[in-house]
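# Overview (structure and organization)
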Amino acid sequence: MSVPRNLVILTGAGVSAESGIATFRGPGGLWEGHRVEDVCTPVALARDPALVHRFYDARRAALAAVMPNPAHDALARLDAAWRGGLLIVTQNVDDLHERAGARRLVHMHGALQSALCAACGVQVRWEADLPPGAVCGACGGPTLRPDIVFFGEIPYAMDRIERALGEADLFVSIGTSGAVYPAAGFVQGARYAGARTLELNLEPSAGSGYFHETRLGPAGELVPAWVEEVLADAGV
């Protein structure tokens, strides 16, 4: 197989779980004790803004207690060394990729350490608690909300992601369930455009059948090994 030039890497909750961030599904997940409809929809925000804001305040505060793991570090190394095209698309709303040093990165589902003005759309860095009615510095409205893509909303940077998928020689999915769209459909788009596809996951995802190759195991072991492999093949 020829050495790829353009890479697209999708990361999901399985990457950050090894740093101690709970996944949103399964026993002990973030939804435990909350219905999705109560904390992650526009209707929930309108009905009970205090609950929604408290939920994401707690997630934001928890970031101080976690650190990037070897998977984050390996992807940051790849970002720094790779001479071709690279886009890391994360479904995660934590900042562990950035703290590890990744730069060619998009948060398609938003970011905990960001606030979004529901009125004018401005995004601002936000690290403290975000109370309901917080005032937007751009338009003056009491309209700041967590900068999280709720269910029913359009993920960020979809045009950029789709362009990258169309140009990719290799698409790699890491630690994802394959159950949440549109991210779950990226592998099909990449294959249609002619890319090779690789899944690195703890267990087969819902979309494993679409990948040319699946490697199973912890992200903290699989990702560094794969990065070393791809850099060696490229002579980097």
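Overview of the structure. (Residues numbered from 1 in each chain as written. Predicted model: local features only at pLDDT ≥ 70, side-chain atom pairs only at ≥ 80, totals over all residues. Heavy atoms only, no water.)

## Section: the pairing of strand 7 (residues 170–174)
- In terms of residue burial, strand 7 counts as a mostly covered element, since five of its five residues are buried.
- Alternating residues of strand 7 divide into L170, V172 and I174 and F171 and S173, and every residue in both groups is buried.
- Where strand 7 lies against strand 8 (residues 196–201), five bridges are found, and the strand directions are parallel. Note on strand 8: the bridge partner recorded for S173 is E199.
- With helix 8 (residues 186–192) bridging strand 7 and its parallel neighbour strand 8, the resulting β-α-β unit is right-handed. (Buried < 20%, exposed > 50% of the residue type's maximum accessible area, 1.4 Å probe, protein only. Helix = DSSP H or I, 4+ residues; strand = E, 2+ residues; numbered from the N terminus. Pairing = 2+ DSSP bridges. Right-handed = clockwise from strand over helix to strand, strands pointing away.)

## Focus: the sheet that holds strand 6 (residues 144–148)
- Across the sheet, which stays open at both edges, the three strands sit in the order 5-4-6 with antiparallel pairing between neighbours. Taken across any chain shown, the strands that pair with only one partner, and hence form the sheet edges, are strand 5 (123–125) and strand 6. Direction aside, the axes of adjacent strands within the sheet are offset by 45° on average.
- With three bridges connecting them, strand 4 (residues 110–117) and strand 5 associate as antiparallel partners. Its bridge partner being in strand 5, L116 is matched across the sheet by Q123.
- Across the face of the sheet, helix 4 (residues 49–62) comes into contact with strand 4 and strand 6 while running at roughly 55° to strand 6. (Axes fitted to C-alpha atoms, helices over the stretch in contact; angles between N-to-C directions. Contact = heavy atoms within 4.5 Å.)

## Observations concerning the sheet that holds strand 3 (residues 105–107)
- Read across the sheet, six strands follow the order 3-2-1-7-8-9 without closing on themselves; strand pairing throughout is parallel. Strand pairing shows two members of the sheet lacking a second neighbour, strand 3 and strand 9 (213–216), which therefore form its edges. Geometrically, the sheet is characterised by an average inter-axis angle of 15° between neighbouring strands, direction not taken into account.
- Here strand 1 (residues 7–11) pairs with strand 7 via five bridges, running parallel. When the sheet's bridge partners are listed, L7 is paired in strand 7 with L170.

## Side note on helix 9 (residues 219–233)
- Taking 1.5 Å of rise per residue, the 15 residues of helix 9 would be expected to cover 21 Å, and the 21 Å separating its terminal C-alpha atoms lies within 8% of that figure.
- In this structure, the buried side of helix 9 is in contact with strand 1, helix 1 (13–17), helix 5 (70–81), strand 7, strand 8 and strand 9. (Expected span 1.5 Å × (residues − 1).)

## Describing the packing of helix 5 against helix 9
- The interhelical angle for the contact between helix 5 and helix 9, taken along N-to-C directions, is 20°, at an axis separation of 7 Å. Judged on the interaxial angle alone, helix 9 and helix 5 are roughly parallel. The element helix 5 and its partner helix 9 pack so that their crossing is left-handed. From helix 5, P70, A71, A74, L75, R77, L78 and A81 reach across to helix 9, where they touch A219, G220, V223, P224, W226, V227, E228, V230 and L231. (Parallel < 35°, antiparallel > 145°, perpendicular 65-115°, else oblique. Left-handed = near helix turned anticlockwise from the far one by under 90°.)

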